[in-house]
Each structure stands twice: as C-alpha cells, then as structure tokens.
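Tertiary structure, described
One letter stands for each residue in the lines below.
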Amino acid sequence: MAAALASRRTVLACLSAAALVGAAMTGALIGDAYVTMLLAQSFTYAIAAISLDLVWGYAGIPELGHSLWFGIGALCVGSMTTSVSETGGVLAAGADATTYILAAAVGVVLAAAMAAIVGWYAFSRGATHFYIAVVGLALAAAAQPAYSQFPRYTGGEGGLFGFAYEGFSNAEWYYVSAAVLLCVTAFLIVLVRSDFGLLLRAVRDNERRVRYLGFNVERIKIAIYSLGAALAGLAGALYAAMEGAVSAPLFGTLFATEMMVWVAVGGRGTILGPAIGTIALGLGGSKLSAAFPLEWSLFLGLALVLIVVFFQAGVLPPIARGLARAVLGSGHKAEQNRSLVAGRETAVPARDASASAAIEISGLFFAYGGLRVLRGVNLEILKGELLCIVGPNGAGKSTLIEVLTDGARNFAGQVAFLLGDRVEHQGRQQDVIARSGVVRKFQVPSLFPSMTVAEHILLATSNGRWPSVWRRTHAIGVPPVVEAICAASGLTGRLEEVAADLSHGVAQGLEMAMAVATRPRIVFMDEPTAGLSAVERAVVGDLLRVLAKSGITVVLVEHDLDFVERIADRVAVLHEGRVLEVGAPSQIAQSDVVRGAYLGSFELEKGDH
Amino acid sequence: MGVVFDAIFSVSVFLLVSIGLFVILGLMNIVNLAHTAFMAVAVYAELYFTGHGWNFWLSAAAGVAVTTLLGAIVEFAIVRRLYGRHIDDTILATWGVSLILVQVLAIAFGSTTTSVAPPLSGSVKFLGELLSIYRIFIVATVATVVAAMAAVIRFSKAGLIVRMVMTNEPLARGVGINTGMVQRLTFVAGAAFAGLAGTLLGPTQGISPSFASSLLASTFLIVLMSGRRLSGLLFACVAAGLAQTLFSAYGNPVIANVMVICTAVVVLRLKPEGLIWPRH
Amino acid sequence: MSRHRRSRAVRLSAICAVVLSGAWSGPDSQARAGDVQPIKIGFMLPLSGPAAGGSAEGGQQGLRLAVDEINSRHLAARPFEAIIADDASDPRTAAEVCKRLIFQDKVDAIISQGPTANRMACNQAALKAGIPHLAALSGPGGMCIANLFMIGPETSQTLHTLVRQIVKDGNTKLYYMGADSSPIRDALPPAMSAAEAAGGTIIGSSFSPSGTTDFSSELAKIAAARPDAVIMMLMGADAVTFSRQFGGDDRVAAIKRADFLMTEKALHSLGRSGANIYSAASYYSSVPGEAGMEFKASLTRMYGEMAAPDVWAVMAYNAVHALAKAVTSPSSGAKEILEALPNISVDGPEGRIKISGRYISTPVFVGKTDGVGRVQIVATYSDVPPAAHCK
C-alpha cells in the first residue's frame, strides 16, 4: 500500500486532486460573491470538459459537437420550468425543486439516448473513424439554426430565461456544483484507472487490434459516447438551473470548440487536467476579458495555437510533473505494480484419436478488389493439431488467416467452425470469432503504443468480456504457457514497459503471449519466428508444441521449412491461392509438387490435390 | 427557369469557397478552419484599397496578394509544425489562427458592417430571365478556375506530382519529390484561393470581421464529401447547391441550411470515401 | 536534463501565477475619501463576435459623452462612472459579464445593447440583485420585467409608422423580408394590421436564417410576388448582404425598399445600391434642431473623424441621461433609480423621450436614402407611444 502511494501517478493524482479541492475551497474562503458565482459556473463547465476528455482524450473519439449534449440538458431544464407562448415569449418561469430534478434527469437520459442513436449510426461498420467528427460538427452546426424553428419549446431566437432555481443562494449553488464536479471527477478517475479504462485507451491506440481480442468495439464506443453525453447533459442541466437562461449558442459549434480548448489546455486524457484547466481559464479568462475586452479573443487564439504547436500534452501536465518531481526528487522510478499469476494447467483433453475437424474450408475464393488472392481453397483443420501453412510469397497465406478470422469479409465458398456446434463462418464479425476462441497473432506486431506489456496481457485475458469498470487488477491470471512465452521472449522483467519502446523481437513475443492469454481453442500465428534468432526460434518452437499439447489447435504460417518439419503435425502447401498438398512434414518435404511450386516451375493443370 | 440559374450560382459559390479548403485537405490532410478568416482578410484588403481610390480589379488583386502572403506566413510559423500530426491538432490550431485573424480585423477596422461596390452592374436577359452581370462573371470565373485546375492536374507535370503526393505521399517522397515543398506551396495556394473567394464574393455581401463564417461548416462537409478528387468536389457542390436552392425556393432557407448538412452526413455514411467518379 | 525541465516548469508556473494575480488585482477603483461615491454604470455590448456589427462604436461614444456631460455639468447628485464590457455576442458570456458587473464592480445600473438572448441571460442576475437594466436599443416590445426598461423605440413604434408612411406614398402591396427570429416573426401580424389600417396589404413574407450569404431564392420569390415595396427586417451583416444583392438584381429593380434595422453607416456604405431606401428610426444624423446639432458637435469634439453620431449613440446617451435624472440625492442607489425611472423624461438629440411603463414614447422619423445612400428625413412624428402597457 505504501509502495502504491509512492508511485508517481498516484502522487500526481493526489496533487491535482488537492488543487481541485483547494480551488473548491477558495471560493468559500474568499467569500467574494462574484468569485463564488464564477467558480460555481466554471464547475459546470469543468464537468462538461471532463466528459469530453473521457470521449476524446481517453477513447480517442474525435467529438466536435459536444455542446449539443450540454445544450440538451440545459434545454430540458429550461423547457420544463417555463411556460412559453406559441411564438416563444416566456410567460412564466420557475418551478419547485422536484421539477428541476426531474427535468435534469430527463435531460441526462435524453442526451444519453440521442448520443446512443447517433453513436449507433456513426460507429457502425462501414463508417470511417473520422465520421463521428463529421456527424458531431454537422449536428452542432444544424442545431443552432434549427433551435429557432421550435419557439414553442425553445423560446426561439431569444431563448428561454428567468427560470433559475431560487431555492439556493450563491454559496449553496457553489457547494452543489462543487459536489457534483467532485463526484463526476472521482467517478471518471476510477473508471479510467480501472481495467475498463485500459480498454478505452486500447480502442484509442489501435481499434482493429481490440476487435481481434474479442471486444465489440462499436458497443464500447457507443457506451462511452453516450456516457460522455449523459455527463455533459448533467452539466448543462446544472448550468441551466443555476443561470436560468438557455439559447441557441449553447448548442453551437463555437461552444463545442471552446470545450475542446479547455481539454487541450488542461491536457488530453488526464481528466483532472481539463477540470483544473477549465476552472483556471474561467477565473483568469473573466479577469483578462474584463481588462482587455477587445484583445481577449486574440489572446485565446494565440494561446490555442501555442499550446497545440508547442505543448501537445497541454499546459497543466508539464507543470504537475514538475511539481511532482520537485516533491519526490528526480530519479524516482516507476515501480512495478502489475504481475502475472499463472493459473493451474487446465486438464488436457487427450488428443482426439479420430482427429475430427475444427475448421472445414471448401471452395474458398477471395479477392482484394480486382486481385484474386484465394482461388478455391479446400482444407480441413483438425482439432488439437499443429498445422503449418507454407508457400511462396504471394501464395495467400496471410490472406487466408485474414479471411478465417473475419467472416464479414466478402468471400465465396464454405467455411465452418466446429468447436461444439457447427457454426458457419459467413458474416461473423472479428470480435465474435475471437470470443468463440479463435484468435490470431499478427505478422507485423499490432500493439497499443501507449500501454504497458502487463496491460496488453491483462486486456487479452478478458477475451472480449467487458472488464470491471471500477476494479484495477494487479495480479493478472494467465495460463502457465503465457508465463513461459514471456520468459522465453524476455518480457518477464519488462511488464511495466510501454509497447512503443519494445524491440521487434520482444514485440513478437508479446503478440504471441496476447494470443495465448485469451485462452483460445484455435490460434492462428502469422510468422511467430520472424525477426528472431536461431536460439529464440527453437524456444518458440518448443512453446508451440506445448500449446498444441495442451489441446489448442495451432495454425502457423511459416517460411522456414526446417522449422516446420521439426514442429508441425501436418503441413499444408498454399500456392497461387490454392492448397497444393496436405500431409505430414516428411511427406511434404519429398513432394515434387511442392518443390516445383517453390521453384516456380509448377504447372497448374496438376490440380489442387 | 430562375431556379436553375440560382442553383448554378449557388453551386459556383460553394465551389469558389471550398476549392481552397479542398486543395489543403487533399494534399496536406489538414483541415484549415481559418479558411473563411483568410477570406475575411482578403475582403478587408479589398475594402482598404478601394477606400484609397484604387479601382476594384486592382484592389481585388491586392486582396489576393495579401492573403497569399498571409498564407505563407501562417504556413511558416504554424502549419509547418503540424505536418504528420493528428487531424484534431490541425483543427484546433487553425481555429486559433481564425480567432486571431478575425479579432485583428475587428480591432483594425471596427466591427461595423460595411460593403464594397460591385465593379459590374446591370443585367442581361436570357431565356426570359434577368441575370445579373456580376453573377455571370462569378460563375464564369469559377468555371475557368475549375477547368484550369482540372487541366493542370490531368496534363501537366505539376499535376502529376500533385496526384502522386495525394495518393501516396511516402512513395512520392521515395521517388525524390520534395513533398514538403509541395505541401508548403499547397497551403499558400489554398490561401490564395481563399483570397480569390473573398474578393469575388465581397461585393455581394455585408462585410464584417466574421465574413463568410457561416459558410465554414457546410464547405468543410462538402470537401469531405469530395473524396479528394476534383470531380468529387464538383459532385458535392452540385448536391449541396441543389439542396440549398431547391429547399430555399420550395421550402424555407433554414430547412435548406439543415438539408445541406444532412446531405453531407448521409452521403459520407453511405460512401465514406466520398463522391468519386466511378472508374472503369 | 531533468533539472533543466524542472526549472522550466517552475518558471512557467511562476509566470502563470504572476499573470493571474496581476489580472486579479484588476482595475477596481478605490473609494476616494471625502468624495461622494460615483454611480457606476455597467455597459454591456458585443465588441467581438458576429453581433459586433452595429452598436460597437456609436454606443460607446454616446455613453461616454453622456457621462462626461453629467460629471462636468453636475447633472446628477452623484458623479457617474462607466464600465464597458464585451458580451462576445454570446449569451453565456453575457450572463457572466453581468454577474461581474453586479457583484464585483458593484454597478448601480446596467445598460445593454445587443441580441435579445444576451440581454435576457444578463438580466437574470440583475433582476435578482434589484439592479435597473436599461436596454438602449430598438427591439420587440411586450415584455414586462420589473427591472428592464427599453430606452429606444419598440418595433411597433417605428415599424408601424414606417408602414403607414410607405402606404401613404402609394405603395399598397408590401412584402415582409425578415430574419428568422421569433421577435421578427411576431412583428408581422401587427404590421399587417397597421398596413391594412392605412389601406395597404402585406402580400408575402420570407424569413432567412442569420448568416445567409445567398438571397437569390428570396429575391426570386419577391420578384414573383411583384410587391410595390419590400420591408427588410434583417439583422447585422445580413441586411447589407441582402441590400447588395437586391441592388444588383434587375428582377426587383422596380420594387421599393424599406429597411428597418440597418445603421446609417451601413446604408451609406451601400452607395448606389442603397439609393431610395425608406427607413424609420428615433434618430438620424440629419435630424434638425439645436439639440441634434450640439450632440453631433460634441461627439466630433471628442472623437474627431471617428465620431459615429448614430441611433445607437443616441440611445446609449439617452439611457445614461435617464439614469442621471433618477439620481436625485447623494444617497440614491439602484433601488431609488428603479423607483424613479418609470416617470422620467429626457430631452435628447432627437427631441423628448418619456418613459412610460417599461418602454418610451419617442419621436419617430421616416427617412429615405438619396442617390449616395445618405438618409434624408421625409416625415417626423413626435411622441409616438409604445404599444405595450406594463403596470
């Protein structure tokens, strides 16, 4: 516990939290009515800012229309506490506390529901990563003119006004909004530091890889987008109840951009940074804009440019790091706080003597655009075997794996998985396949640059189940063979290293460890020995044998025929998009057909088998 | 018939405003949110020079020159440092630039709305419709610019280089093209196009520092719809112009604005790669 | 390296602290011993952002001139001090600015110019604190809020006068071209009745959103409707954009125009495309009379070439003078001002205005631009009463 407290991150978090609480206290200490009000208002903005940080900073969703959700929350409160004429004139305003709470709840739910719909539309497959930005921008741009079209509910051009909740004094508003801000901040910090928070960063870093770990990325993104919207809606509702005014600009792109500025200044992906940044900008901004009314937006623009160009991480994180270093002294080392715990070996199912098929492939055709890569592959992959797929460059080996792990690809032919019930492959998404126990190791390591080795393995062990949104796992339960892979590839002592710093060989090891950590039933390995030395290669070979012995079906793409001969149960030779031969390694090594294929003199009319 | 001419004009305006954004996004992968601020600078330069007794055409040329120079300065000071960064960063930085430019204009010239007189007046009768000569001039200029650009891209060596950088920047660098220089020139060209758009549209608009800022969101979406092809841009502008004109004429202009935006949202969902001329 | 970084971070935070604290100690004025405390007026208007077009120059000049006059001629029982604040054309900022004016600068009254949403967002705090709020502009009427006074003609006063005048000049078929905002939509039915009472009709209407850059479709509709005159109710840059495109479009060349919201300067900048436009306002710089001349002369003395003696200047000027009249004793504060305001009249550059309820009765002038876009007054109506009656 003491060790955990000493970790730099925790210190940073404590310092920042202290600053936040300090800011919360100062208003009351100063006792200045204006500062109190200004802070109370900044707190509502800060809630909006950290909700945007969750969406943009953590999950990496480019959100250009966050103001929309703030506006919806505010409008719900405004609309439910005023009575308005047909043409938008406010006739009466104000209501009892219950109505405000109800209105805020409606606002939050409405924002979340609308965001879920927008997310469902914008994140579904076929849309590009940037599409959500387009939708956000478009919605915010359209909301502003559309606002005045419904004066009955929105008050039209002049907006709704005069409905501030009268039950609280300024100081009480201050405490209420501070309390809400602290709760939301605490909630989000727990969330982003939890195992689920890891998943968010993984989505931000490398969305495709997350899919192959069995996670339904769309659903994660929709959930986060919708949570961000709900919190922004809450901020908007709080703001409206406090200020008693809502109008079209609350929905507009200008406000959305301002929120992005708050987050960028405070530091993306830090939660506390944007919260403190927003409050500081609120206080400082009001002072500066009073002193320099004309030049203020000039300063803002200049500051924005400087921050984006020179302080990519925002202004606050470097300051906080400097403070932390001043407190702890330099040379403080991040210490290891996650470890692997090998589980007991699962009972090994004796290898099926009948050797029933795990995957049946017949007549598989696939093309990239006009380039026909697979031209009628027929192959049976048997349960528990170690099958090597060999073949010259361009034979379609990697493509075959690509198609077998993504049923949504547009292929022709029959592919069925027989793990338990017979399941047709056609149309099954990557994550569904991964969750059914079919995983892959990528040829070129595909990792999450900002995450540590331990975090990679932790994510992999969930195998597509959503990790806890509040717990932070320290002891990662893995199959024993994962530990062995880590030891063999030199990962054991480097669990806290960031993936971006790993060498190619070590990254290969991590890829493999991740694939196995999901406790798969079938694992596709695309060149696991590429970039390894002969000694390492031998170790990997042994590990693969161990895997196969534990009942996992291993399908291997490999170039090194000696290696293949040593470890494979069976070998399939792929050439020009077809399987030429399948058989024991020794049999293949002597095959004329195969030799011919490798020498490039093979004649097609000899057929597939 | 009048609707048709209005639609043609509307399409031309969209083309005129979006072409600068288009080259910058297409070649540099940078979203230039300062585009309409550049247009505002151009129109204020035009205003300044006409106010000092220059004739309109000279002032317009000066406006384009000033904007081009400004583009070079912004590229050198800021944009150069953003190459290869995430698109969010360029959005924020260019947004900052636009805040600065707009406020500098407000401080230097005041925020009062003014206007500048069009150099051509009068109309001609064509197919029973009276068409304003200045509008015909704008449509003709836009047509010329687009045609010239298409010709350059298709037939010249510069166009070949541009196409290479657009489709595969690392490869272009690999074969010895100075892609950095291409991008620098691109940004300056984008600014020059903004200057052209500002000075040409100036006489048809009320001029304030936030000049044309209402066009930013829709042109941005149009450029995304273009799929980084000139033909795509043409398509997208036609779609937006038609939506704008038809919904204004037979509905109301607010709906029209919203419809332009909706068109983009739907198109980009169905065709994420944009409206690309089908290739055979 | 790390030491270097640390010192940089420390320096950075030190700079931040200095800047912040420096900004903090701001321009708060200290009380001068012995003197009577000045009445502080907060003046909020859009100095930046899209709404900054109209009032920025004139409003500030009129306000400053009035404050100078009051202090030099001792027109009020307490000296006046003005604090100018930018609402950035944004209601959120407006709300914040007003809180600052009220709770930090401790103003005794607020004068505002700018969009309705900003005014109402601001008024929340003012109303709660019991601070009088004078809207120095012309805008929609019908709102009765305890602390909010409109020191300018409400829409019906100028619009109906204008409509009557146009119809009287023989233009019986009118077209209403408005900005898409509810006050302007709301103004249409009463304008219709006014037109009908004078013997004309409004035969069509369009509303366009703010920031419209292309009015072709609206112009086509107007050309098809063939009215005698168009009443333009567009705001800010849109009004100029519309006028430019109207002036350059021969389809509508024969149709007369009546503008409602453009400033004189904007009309003038239109040059020839701004010829023969009717308009109505409570002040034009060509208003005859001693007071008007003196007002212009004083502004020119203060601001030289930059002087902007426009309707915004006059309304801000009148608002300050109305406040001065309400400050009758050295103990007068916000409360006393609120009590006194409903019965005050001011002799301004345009003539006499009189607060009645929350609005004013005011002179209204109908003008028409000449060949170069300068407004010539064609009719004068003194003492036009407001339509709204607030208790």
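Values in this document were obtained by computation on a predicted structure and should not be read as measured data.

Along the backbone of chain C there are 13 helices and 14 strands. Taking all 391 residues of chain C together, 60% fall into the buried category. Considering only contacts in chain C between residues 6 or more positions apart, those separated by 24 or more positions represent 71%.

Residue and element names in this part refer to chain C. Mapping Pro349 onto the fold places it in the loop between β11 (345-348) and β12 (351-356). For Pro349 and Asp169, which are 180 residues apart along the polypeptide, the C-alpha to C-alpha distance reads 28 Å. Excluding anything up to four places from it in sequence, Pro349 contacts Tyr283, Val287, Ala291, Gly292, Phe295 and Val314.

All right, on to the packing of helix α3 (residues 33-58) of chain A against helix α13 (residues 272-291) of chain A then. All names here are of chain A. Axis separation between α3 and α13 bottoms out at 8 Å; the angle between their running directions is 140°. The pairing of α3 with α13 is recorded here as oblique in orientation. Both α3 and α13 take part in a crossing whose hand is right-handed. Along its contact with α3, which presents Leu38, Leu39, Gln41, Ser42, Tyr45, Ala46, Ala49, Ile50 and Asp53, the element α13 presents Pro274, Ala275, Thr278, Ile279, Gly282, Leu283 and Ser286. Per-class residue counts for the contact of α3 with α13 are ten nonpolar, five polar and one charged.

With that out of the way, let us pick up the sheet that holds strand β10 (residues 423-424) of chain A. All names here are of chain A. Taking strand neighbours across the sheet as the criterion, the four strands line up as β7-β6-β9-β10 in an open arrangement whose pairing is antiparallel. Each having just a single partner strand, β7 (371-382) and β10 make up the two edges of the open sheet. Across five bridges, the pairing between strand β6 (residues 357-368) and strand β9 (residues 412-417) is antiparallel. When the sheet's bridge partners are listed, Glu360 is paired in β9 with Ala416.

Another point: the nonpolar core. Ile457 of chain A together with Val320 of chain C are the most contacted members of the largest nonpolar core, which has 433 residues in total. It is helix α11 (residues 217-243) of chain A that provides the largest number of residues to this core, a total of 19 residues. If we ignore the near neighbours within four places in the chain, the residues touching Val320 of chain C are Ile41, Leu63, Ala66, Val67, Ile70, Phe80 and Ile111 of chain C.

Attention now moves to the environment of Ser51 of chain A. Residues and elements named next belong to chain A. Relative to the elements of secondary structure, Ser51 occurs in helix α3. For the pair Ser51 and Leu231, spaced 180 residues apart in sequence, the C-alpha separation works out to 5.9 Å. When residues no more than four places from it in sequence are discounted, the contact partners of Ser51 are Gly228, Leu231, Ala232 and Ala235.

Glancing now at the domain arrangement of chain C. All names here are of chain C. Domain annotation for chain C reports domain 1 (39-153 + 287-356) and domain 2 (155-281 + 369-384). One C-alpha centre belongs to domain 1, the other to domain 2, and the line joining them spans 28 Å. Every contact between the two is made by 15 residues of domain 1 and, on the other side, 15 residues of domain 2. Residues belonging to the side of domain 1 that touches domain 2 are distributed by class as follows: seven nonpolar, seven polar and one charged.

With that settled, the discussion passes to the domain arrangement of chain A. All names here are of chain A. Domain annotation of chain A identifies domain 1 (11-328) and domain 2 (384-406 + 437-465 + 472-602). Domain 1 puts 14 residues into the contact, and the matching count from domain 2 is 18 residues. Going through the elements one at a time, α9 (195-205) and α10 (207-212) are the ones with two or more residues in the side of domain 1 that touches domain 2. The greatest single-element share of the side of domain 1 that touches domain 2, amounting to six residues, is contributed by α9. Looking at the side of domain 1 that touches domain 2 residue by residue, the classes come out as six nonpolar, three polar and five charged.

A separate point is the interface of chain A and chain C. Every contact between the two is made by 40 residues of chain A and, on the other side, 40 residues of chain C. Here the side of chain A that touches chain C takes seven residues from α13 of chain A, the largest share from any one element. A breakdown of the residues in the side of chain A that touches chain C according to their chemical character gives 18 nonpolar, 17 polar and five charged.

Let's shift gears to the interface of chain A and chain B. On the chain B side, the residues contacting the 29 residues of chain A number 28 residues. Mapped by element, the contributors of at least two residues to the side of chain A that touches chain B are α6 (131-147), α12 (253-266) and α14 (296-310) of chain A. Taken together, the residues of the side of chain A that touches chain B sort by class into 22 nonpolar, seven polar and no charged.

Residue and element names in this part refer to chain A. In this structure, β9 lies alongside β10, joined through two bridges in antiparallel fashion. By the bridge assignment, Ala416 is partnered in β10 with Glu424. Turn length for the β9-β10 hairpin, with the two strands adjacent in sequence and antiparallel, is five residues, and the turn residue Gly420 shows positive phi of about 80°.

Residue and element names in this part refer to chain A. Put simply, α3 and helix α8 (residues 170-193) touch, their axes get as near as 8 Å, and they point 20° apart. Relative to α8, α3 is oriented roughly parallel. Handedness of the crossing formed by α3 with α8: left-handed. Between α3, through Ala33, Thr36, Met37, Leu39, Ala40, Phe43, Thr44, Ala46, Ile47, Ile50, Leu54 and Tyr58, and α8, the contact on the second element is made entirely by Asn170, Ala171, Trp173, Tyr174, Ser177, Ala178, Val180, Leu181, Val184, Thr185, Leu188 and Val192. Here the residues of the contact of α3 with α8 are counted per class, giving 19 nonpolar, five polar and no charged.

Residues and elements named next belong to chain A. Residue-level pLDDT values for chain A average 82, and 89% of them are 70 or greater. Across residues 1-6, confidence stays below pLDDT 50; counting only partners more than four residues off in sequence or on other chains, it has four contacts. Scored below 50 in pLDDT, residues 601-609 makes ten contacts in the model with residues more than four places away or belonging to other chains.

Another aspect to go through is helix α4 (residues 67-81) of chain A. End to end, α4 of chain A covers 21 Å across 15 residues, agreeing with the expected 21 Å (1.5 Å per residue, within 8%). Along α4 of chain A, 14 of the 15 residues are buried, which leaves the element largely enclosed by surrounding structure.

A few words now on the sheet that holds strand β14 (residues 553-557) of chain A. To summarise the sheet geometry, strands pair through backbone hydrogen bonds and adopt either a parallel or an antiparallel arrangement. Residue and element names in this part refer to chain A. If you walk across this open sheet you meet the six strands as β11-β13-β14-β8-β15-β16, and the pairing is mixed. The open sheet has two edge strands, β11 (438-441) and β16 (578-583), and neither has a second partner. Neighbour-to-neighbour, the strand axes of the sheet open up by a mean angle of 20°, direction not taken into account. Sitting on the sheet, helix α20 (residues 504-517) is in contact with β11 and β13 (522-526), with an inclination near 175° to β11. Packed on one face of the sheet, helix α21 (residues 534-549) meets β8 (386-390) and β14 and runs near 145° to β14.

What follows is about unusual backbone geometry. All names here are of chain C. Its identity as a non-glycine residue notwithstanding, Ser89 has a phi of 60°, on the positive side. Along the chain, Ser89 turns up in the loop between β2 (80-86) and α3 (91-104). Ser89 sits in the buried class, given 25 other C-beta atoms within 10 Å. Positive phi, close to 60°, is recorded for Asn276, a residue that is not glycine. Following the sequence through the fold, Asn276 ends up in the loop between α10 (264-269) and β10 (277-281). Taking the number of C-beta atoms within 10 Å as the measure of exposure, Asn276 has 11 and is therefore exposed.

Residue and element names in this part refer to chain A. Looking at the secondary structure, you find Leu68 in helix α4. Since 29 C-beta atoms lie within 10 Å of it, Leu68 is described here as buried. In this structure the C-alpha to C-alpha distance between Leu68 and Ser362, which are 294 residues apart in sequence, comes to 51 Å. For Leu68, the contacting residues outside a window of four places in its chain are Leu139, Ala140, Ala143 and Phe251.

Calculation rules
All chains use their own residue numbering, which begins from 1 and follows the written sequence. Lettering for chains starts from A, numbering for ligands starts from 1, and both go in the order in which the items are written. Local features in this predicted model are restricted to residues whose pLDDT is 70 or higher, and side-chain atom pairs enter the listing and the counts only when it is 80 or higher, whereas totals over whole chains, interfaces and linings include all residues. For helices the rule is a DSSP run of H or I covering at least 4 residues; for strands it is a run of E covering at least 2, with both sets numbered from the N terminus onward. Three classes are used. A residue is buried when 20 or more other C-beta atoms lie within 10 Å of its own, exposed when 12 or fewer do, and partly exposed in between, with C-beta atoms placed from the backbone. Our contact criterion uses C-beta atoms placed from the backbone: two residues qualify when those atoms are within 7 Å. Note on definitions: angles span 0 to 180 degrees between N-to-C directions of axes, and those axes are lines fitted to C-alpha atoms, for helices only across the stretch in contact. Angles are sorted into four bins: roughly parallel if under 35 degrees, roughly antiparallel if over 145, roughly perpendicular if 65 to 115, and oblique for all others. Crossing handedness is read from the near helix: turned anticlockwise from the far helix by less than a right angle, it gives a left-handed crossing, and turned clockwise, a right-handed one. For this classification, the nonpolar set comprises Ala, Val, Leu, Ile, Met, Phe, Trp, Tyr, Cys and Pro, the charged set comprises Asp, Glu, Lys and Arg, and every other residue, Gly included, is treated as polar. Whether two strands pair comes down to DSSP finding at least two bridges between them. The nonpolar core is taken to be a set of buried Ala, Val, Leu, Ile, Met, Phe, Trp, Tyr and Cys residues joined by way of C-beta atoms within 7 Å. For every domain, the bounds stem from an assignment made automatically or drawn from a database. The pLDDT value tells you how sure the predictor is about a given residue, anywhere from 0 up to 100. In this scheme, a helix's expected span is set at 1.5 Å multiplied by one less than its residue total.

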